[in-house]
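Listed below are the residues making up each chain.
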Amino acid sequence: MVTFSFASVNNNFSFQSLLRFFDNKNLPYWLLYPLQCVNVAEAVHILFLSLGISFLMKQKYGKSLLFVLLWYGMGLLFWIVFTVFLQTVLYT
């Protein structure tokens, strides 16, 4: 039987994000979360989501990719702005 603890599971995907290309000690704290959100997993998620929509709706892949980028991208952008706003208001 395999057991896991909270400490043994690594949910840190920062090695796949844009944050890896910057020195996070020199960046302002409000820029850390947006750079960490733009990562390979999000890109793969967007590509597979648009592939599924194009398959189910019988649309061209480019049209469904544009649809996903508009709706998912705007939602993600709203979430990032909201989270950074909360970080700046609550933790300063």
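Residues numbered from 1 in each chain as written. Predicted model: local features only at pLDDT ≥ 70, side-chain atom pairs only at ≥ 80, totals over all residues. Heavy atoms only, no water.

Peer 1: If you had to explain unusual backbone geometry to someone new, which residues and values would you point to?
Peer 2: The backbone of Lys 58 sits at a positive phi, close to 55°, despite the residue not being glycine. By secondary structure assignment, the location of Lys 58 is in the loop between helix H2 (40-57) and helix H3 (61-90). Residue Lys 58 is classed as exposed on the basis of its relative accessible area of 70%. (Helix = DSSP H or I, 4+ residues; strand = E, 2+ residues; numbered from the N terminus. Buried < 20%, exposed > 50% of the residue type's maximum accessible area, 1.4 Å probe, protein only.)

Peer 1: Requested: an account of the packing of aromatic side chains, with residues and values cited.
Peer 2: Throughout the structure, instances matching the rule amount to 3 aromatic pairs. A centroid spacing of 6.4 Å and a plane angle of 10° characterise the contact between Phe 78 and Phe 82, whose relative ring orientation is stacked. Here Phe 78 and its partner Phe 82 are both found in helix H3, 4 residues apart, which amounts to about one turn of the helix. Looking at Phe 82, the relative accessible area reads 37%, which means it is partly exposed. (Phe/Tyr/Trp six-rings, centres within 6.5 Å; stacked < 30°, edge-to-face > 60°.)

Peer 1: With reference to specific residues and values, describe the environment of Leu 77.
Peer 2: Tracing the backbone through its elements, the reader meets Leu 77 in helix H3. On the accessibility criterion, Leu 77 (48% relative accessible area) is partly exposed. For the pair Leu 77 and Cys 37, spaced 40 residues apart in sequence, the C-alpha to C-alpha distance is 9.8 Å.

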